[in-house]
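# Geometric and topological summary
What follows is the residue order along each chain.
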Amino acid sequence: MEMNDTLVQRVTEDSFMNQLKQANPGETEFHQAVHEVYESVLPVLEKHEEYRSYQVFERMVEPERIVSFRVTWVDDNGVPQVNRGYRVQMNSAIGPFKGGLRFHPSVNQSILKFLGFEQIFKNALTSLPLGGGKGGSNFDPKGKSDGEVMRFCQNFMLELSKHIGHRIDIPAGDIGVGGREIGYMYGMYRKIENQFSGVLTGKGVKWGGSLIRPEATGYGLIYFSQYMMENIGDSLAGKNCLVSGSGNVAQFAMEKIIELGGKPISASDSSGYIYDEEGIDTEKLEYIKDLKNERRGRLAEYVEKYPSAIYSPTDRSLDYNPLWAHNADCAFPCATQNELNEADANNLIKGNAKLVAEGANMPCTPEAINVLRDNGVMYAPGKASNAGGVATSGLEMVQNYSGSHWTSEEVDRRLQVIMKNIHDNCLYAAEKYSTQNDYMSGANIAGFIKVADAMIAQGLL
Ligand code: NDP
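Small disclaimer: the values here were computed from a predicted structure and weren't measured. (Residues numbered from 1 in each chain as written. Predicted model: local features only at pLDDT ≥ 70, side-chain atom pairs only at ≥ 80, totals over all residues. Heavy atoms only, no water.)

### Observations regarding the overall build of the protein chain
- If you tally the helices and strands in the protein chain, you get 17 helices and 13 strands.
- Over its C-alpha atoms the protein chain spans a radius of gyration of 21 Å, differing by no more than 12% from the 23 Å that the globule rule assigns to 461 residues.
- Projected onto the principal axes, the alpha-carbon positions of the protein chain cover approximately 65 × 50 × 45 Å.
- The 461 residues of the protein chain split such that 55% are buried.
- Sequence separation of at least 24 residues holds for 71% of the intrachain contacts in the protein chain that already meet a minimum separation of 6.
- Roughly 19,000 Å² of accessible area belongs to the protein chain as shown, and the carbon and sulfur atoms make up 49% of that amount. (Helix = DSSP H or I, 4+ residues; strand = E, 2+ residues; numbered from the N terminus. Rg over C-alpha atoms; globule rule 2.2 N^0.38 Å. Buried < 20%, exposed > 50% of the residue type's maximum accessible area, 1.4 Å probe, protein only. Contact = heavy atoms within 4.5 Å. Areas by Shrake-Rupley, 256 points an atom, 1.4 Å probe, with all protein chains shown as cover.)

### Focus: the pattern of salt bridges
- Following the criterion strictly, the structure yields 24 salt bridges and no others.
- Linking Asp 76 and Arg 151 is a salt bridge whose minimum nitrogen-to-oxygen distance equals 2.7 Å. Placement of Asp 76 in the loop between β1 (65-74) and β2 (80-91) and of Arg 151 in helix α6 (residues 146-160) is noted, with a sequence separation of 75 residues between them.
- Across the pair Lys 292 and Asp 269 runs a salt bridge whose closest N-O atoms are separated by 2.8 Å. One end of the pair, Lys 292, is in helix α10 (residues 282-294); the other, Asp 269, is in strand β8 (residues 266-269), and 23 residues separate them in sequence.
- Relative accessible area serves as the criterion here: at 18%, Lys 292 is assigned to the buried category.
- Three or more residues are tied together by salt bridges with common partners; here these are Glu 36, Glu 118 and Lys 383. (Salt bridge = Lys/Arg side-chain N within 4 Å of Asp/Glu carboxyl O.)

### Considering the packing of aromatic side chains
- This model, assessed by the stated rule, comprises 24 aromatic pairs.
- Arranged with centres 5.1 Å apart and planes meeting at 90°, the rings of Phe 103 and Phe 152 form a pair that is edge-to-face. Taken together, the residues span a long stretch of sequence, with Phe 103 in strand β3 (residues 97-103) and Phe 152 in helix α6 at a distance of 49 residues.
- Cation over ring: Lys 284 sits above Tyr 306, and NZ or CZ is 5.5 Å from the ring centre.
- When the ring centre of Tyr 227 is taken as reference, the NZ or CZ atom of Lys 420 above it lies at 5.6 Å. (Phe/Tyr/Trp six-rings, centres within 6.5 Å; stacked < 30°, edge-to-face > 60°. Lys NZ or Arg CZ within 6 Å of the ring centre and 35° of its normal.)

### Some thoughts on the sheet that holds strand β13 (residues 378-380)
- Read across the sheet, five strands follow the order β7-β6-β11-β12-β13 without closing on themselves; strand pairing throughout is parallel. Here the strands that pair on one side only, and so sit at the sheet edges, are β7 (263-264) and β13.
- Direction of pairing for strand β11 (residues 330-332) relative to strand β12 (residues 355-357): parallel, over a ladder of two bridges. The residue bridging Cys 330 from the neighbouring strand is Leu 355, located in β12. (Pairing = 2+ DSSP bridges.)

### Describing the site of the ligand
- The local shell around the ligand holds 25 residues, among which Lys 142, Asp 174, Thr 217, Ser 270 and Asn 361 are the closest.
- Take Arg 102: an N or O atom from its side chain is 2.9 Å from an oxygen atom of the ligand.
- Within the backbone of Val 249, a nitrogen or oxygen atom sits 3.0 Å from an oxygen atom of the ligand.
- If the ligand stood free it would expose 890 Å²; the protein chains cover 83% of that surface.
- Looking at the shell around the ligand, the elements with two or more residues in it are α8 (213-231), α9 (248-259) and β8.
- When the residues that make up the shell around the ligand are grouped by side-chain class, the tally is five nonpolar, 13 polar and seven charged. (Near = heavy atom within 4 Å. Polar contact = N/O pair within 3.5 Å; in protein donor to acceptor, adjacent residues only side chain to side chain. Nonpolar A, V, L, I, M, F, W, Y, C, P; charged D, E, K, R; others polar.)

### Topic: α8
- An ideal rise of 1.5 Å per residue puts 27 Å on 19 residues; α8 measures up with 27 Å between its terminal C-alpha atoms.
- Taken as a whole, α8 carries its principal kink of about 30° at Tyr 219.
- Most of α8 is tucked away, with 16 of its 19 residues classed as buried.
- Positive phi shows up at Gly 233, right after α8, with a value of about 75°. (Expected span 1.5 Å × (residues − 1). Bend = angle between axes of the 7 residues up to and from the residue.)

### Concerning the pairing of β3
- Burial of β3 is extensive: seven of the seven residues sit out of reach of the surface.
- Pairing geometry for β3 and strand β5 (residues 169-172), over four bridges, is parallel. Looking at β5, one finds that Gly 100 is bridged to Ala 172.
- Bridging between β3 and strand β4 (residues 132-137) involves three bridges; their strand directions are parallel. When the sheet's bridge partners are listed, Phe 103 is paired in β4 with Ser 137.
- Handedness of the crossover joining β3 and β4 through helix α5 (residues 109-125): right-handed. (Right-handed = clockwise from strand over helix to strand, strands pointing away.)

### Considerations on the packing of helix α2 (residues 28-47) against helix α17 (residues 439-457)
- It is the contact of α2 with α17, at a shortest axis distance of 9 Å, that shows an interaxial angle of 70°. Taken as axis vectors, α2 and α17 run roughly perpendicular relative to one another. In this structure, α2 meets α17 at a crossing whose hand is right-handed. Facing Glu 36, Val 37, Ser 40, Val 41, Val 44 and Leu 45 of α2, the residues of α17 in contact are Met 440, Ser 441, Asn 444, Ile 445, Phe 448 and Ile 449.
- A breakdown of the residues in the contact of α2 with α17 according to their chemical character gives eight nonpolar, three polar and one charged. (Axes fitted to C-alpha atoms, helices over the stretch in contact; angles between N-to-C directions. Parallel < 35°, antiparallel > 145°, perpendicular 65-115°, else oblique. Left-handed = near helix turned anticlockwise from the far one by under 90°.)

What follows is the structure, encoded as structure tokens:
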């Protein structure tokens, strides 16, 4: 009986995924993200006929709308440049579209659809009324002058402004889009629309932004991880923590690890990684923040300042990432998608890792996730563990709607409550569908049910 059930499940899954691949050819990241959620929610689909008869999952994988547009701007030499901009409006059943903008040369429709799809479930988990979306451009801010970044952002917003609004779609930052880019885009939107609204989140604190928003994704990740540790009667205090990335998420994850008594021992950027056995303390972290945020330099400079650390340049010929081969108790991938593969997961296990929590979106490959879960490593998927960023964006929206400005303590308190609720809801959903302590299936199931019920209640659209 059990074998037959498994077989039926496999056939259903295969035919669904085949259709998805045919309808969305070449969009490998999108296929990967959908497959992960689909596998987790199959028991829910089997149990609840209404989700099947209303074709809820089939509708969820189809974006409500995708816009793609030309962005022309002029570089410092007076030469016109052309990039492609996008906004993927994935699902607005539980609230206006919400999700970041990514500026990176790798950006394409597949990457934005995967991110927008993940965002649906993540936003549902926050318990705030936020739909899912994502956008960006293949523009590379790296090596560009401030003037070039400004002109690009202004021209990007010239078109994007037609498709967003503070009750329609509220973008935020992501890779390559920080406070500077949000500022330039917000200024242009205000000029075009002649109104001061909360249309973007991640704004500066002096012009409508929320305190703790820059910190929120990294802080939230570590709060979530602390709750995971507490669930097994442990804590992050005294733990060696491997961190990848050195941008917004990684910086504030390291800050909170230090605050909770843990020891960050690595960081990376696209050119390489540093390993600092003595630990990255507050002073060293301030150096990294200045290097990456102000001077926009490379991590290689860290070892000139702190020679006891090791720097290894990125070696693309390797089929594993040496950063994950160091011994550690916890690992926090905070750079980009698919940065931790099966070999890396095996290395983490050899190095005695007990917890892997995703700061980035989909940083672990499906094979890596299987290895981690099969070996009893606690694993938190990004849609749960990095949801603190969008949750605090939601809090920024509430402050903008009501014209208020909360203290850091107030926002941080709410962030902790939200992360605890997400943590507990994941465990509750996992338990309900007999996948005890499985944060991945719990996150996918809890997020899915909330959006699915809203879609059914609102009719076939
Ligand atoms: P940042 O642009 O601030 O930092 C990204 C970091 O990752 C940088 O250190 C960058 O290196 C490195 N990186 C980016 N792409 C690659 C690559 N292809 N290979 C190696 N390293 C790379 O972005 P964020 O910190 O905001 O975002 C990091 C991750 O977290 C992303 O997956 C994002 O989607 C996710 N996330 C972000 C949220 C937020 O609030 N910002 C919310 C939820 C998730 P370099 O400096 O060389 O570019």
